[in-house]
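For reference, the chains in residue letters:
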Amino acid sequence: MSTPNFDQLLEAGCHFGHMKRKWNPAMAPYIFMERNGIHIIDLYKTQAKLEEAAAALRNIAKGGKKILFVATKKQAKEILAEKAQSVNMPYVIERWPGGMLTNFPTIRKAVKKMTSIDKMQKDGTFDNLSKREKLQISRQRAKLEKNLGSIADLNRLPSALFIVDVCKEHIAVAEANRLGIPVFAIVDTNSDPSNVDFVIPANDDASKSIELILDTVCASITEGLEERKVEKADEKAAGENADAPRRDRRRVSRKDENEAEVAAEPAAEAE
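Residues numbered from 1 in each chain as written. Predicted model: local features only at pLDDT ≥ 70, side-chain atom pairs only at ≥ 80, totals over all residues. Heavy atoms only, no water.

1. Focus: a nonpolar patch on the surface
In step 1: Together, Phe16, Met19 and Ile38 make up an exposed nonpolar region whose accessible area comes to about 250 Å².
In step 2: Examined against the element boundaries, Phe16 turns out to sit in strand S1 (residues 16-19). (Patch = residues over 30% accessible without salt bridge, like charges linked within 9 Å, V, L, I, M, F, W, Y side chains within 5 Å. Areas by Shrake-Rupley, 256 points an atom, 1.4 Å probe, with all protein chains shown as cover. Salt bridge = Lys/Arg side-chain N within 4 Å of Asp/Glu carboxyl O. Helix = DSSP H or I, 4+ residues; strand = E, 2+ residues; numbered from the N terminus.)

The following block contains the structure:
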């Protein structure tokens, strides 16, 4: 895993915070200085925190667990969707559906509804409906796809959340905190880091800054997934090697039994 160096973070604009009057005092430890009324983030702390977060995410991916990516702001949603798809992780880029984590069974019902509509279209039931019913169901399917299509494969609660802009996604953060799900987030100078488990202090408005951090995080997740594949392959090979001596022992025992039977036949004839 390679963490971006100071110059790469600087070039991406990760150091630019918000105006001083909009700052959150809880972000003081991550602020280097103020220039022209704008807070400058300490990139050395950004680098250290990014490395820590990436290592934790790699371990989660290595355990075969899901990480939910969340970003509904315009400049982040397309980048996040692309990066999440590259590591086969669920994501939310439209409006966060309230109760998505705390009322997860209801969300799963909505996803199943989408699946049942697809089944209707395949088995011919959809063709027997009236034109109006078809239109209504098609609109419902399109709406479900837009809001929940990216989490269709999420069969259980995620093991972690990765969020861009905790101010905008405060509902997602609150739900994760309530359920004890770890939160990883890009946190700007106007945000409260107290509800975030793994804080990455950086500019959460610039697309270059978001992309650089997501690239690092997704590369780390990819490493974790590769390590998981290798471990599974090793376990499978070890299992096959353990089974081989057992098969050999069975063959030997059967051979001994056959030899014993052959030796017993002449003795029986002699009697």
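Further notes follow.
2. Things to note about the sheet that holds strand S8 (residues 198-201)
In step 1: With parallel pairing, five strands are arranged side by side in an open sheet as S5-S4-S6-S7-S8. For this open sheet the edge positions go to strand S5 (91-92) and S8, each flanked by a neighbour on one side alone.
In step 2: Summarising the sheet, strand S4 (residues 67-70) and strand S6 (residues 160-164) pair through four bridges and their orientation is parallel. Bridge assignment links Val70 to a residue of S6, and that residue is Ile163.
In step 3: Relative to S8, helix H2 (residues 43-62) is tilted by about 140°, and along the sheet it contacts S4, S6, strand S7 (183-187) and S8. (Pairing = 2+ DSSP bridges. Contact = heavy atoms within 4.5 Å. Axes fitted to C-alpha atoms, helices over the stretch in contact; angles between N-to-C directions.)

3. Looking at the side chain of Thr216
In step 1: Mapped onto the secondary structure, Thr216 falls in helix H7 (residues 207-270).
In step 2: A residue is classified by how much of its surface remains accessible, and Thr216, at 7% relative accessible area, is buried.
In step 3: Aside from chain neighbours lying at most four places away, what touches Thr216 is Ser2, Thr3, Pro4 and Leu50. (Buried < 20%, exposed > 50% of the residue type's maximum accessible area, 1.4 Å probe, protein only.)

4. Here we look at the nonpolar core
In step 1: In this structure, Ile67, Phe69, Phe162 and Ile221 are the most contacted members of the largest nonpolar core, which totals 36 residues.
In step 2: For this core, the secondary-structure elements that each account for two or more residues are H2, S4, helix H3 (74-86), S6, S7 and H7.
In step 3: For Phe69, the contacting residues outside a window of four places in its chain are Leu80, Ala84, Met89, Pro90, Tyr91, Val92, Phe162, Leu214, Val217, Cys218 and Ile221.
In step 4: Residues Met27, Trp96, Ile107 and Ala172 belong to the second largest nonpolar core, which totals 29 residues. (Core = buried A, V, L, I, M, F, W, Y, C linked by side-chain atoms within 4.5 Å.)

5. Comments concerning the side chain of Arg141
In step 1: Within the secondary structure layout, Arg141 lies in helix H5 (residues 131-148).
In step 2: Setting aside anything within four residues of it in sequence, one finds Arg141 in contact with Met114, Ile117 and Asp118.

6. Considering unusual backbone geometry
In step 1: One non-glycine residue, Asn36, adopts positive backbone phi at about 55°.
In step 2: Following the sequence through the fold, Asn36 ends up in the loop between strand S2 (31-35) and strand S3 (38-41).
In step 3: The class of Asn36 is exposed, set by a relative accessible area of 74%.
In step 4: Within the chain, Asn88 stands out as a residue other than glycine whose phi angle is a positive 60°.
In step 5: Tracing the chain through its elements places Asn88 in the loop between H3 and S5.
In step 6: Looking at Asn88, the relative accessible area reads 55%, which means it is exposed.

7. Looking at the sheet that holds S3
Sheet strands line up and pair through hydrogen bonds in the backbone, either parallel or antiparallel.
In step 1: Overall, antiparallel pairing links the three strands, which are arranged S1-S3-S2 in an open sheet. Bordering the open sheet on either side are S1 and S2, each of which pairs with just one other strand. With direction set aside, neighbouring strand axes in the sheet form an average angle of 30°.
In step 2: Sheet topology note: the S1/S3 ladder contains two bridges and is antiparallel. What sits directly across from Met19, in S3, is Ile38.

So far we have only geometry, and geometry alone does not tell us how the molecule works.
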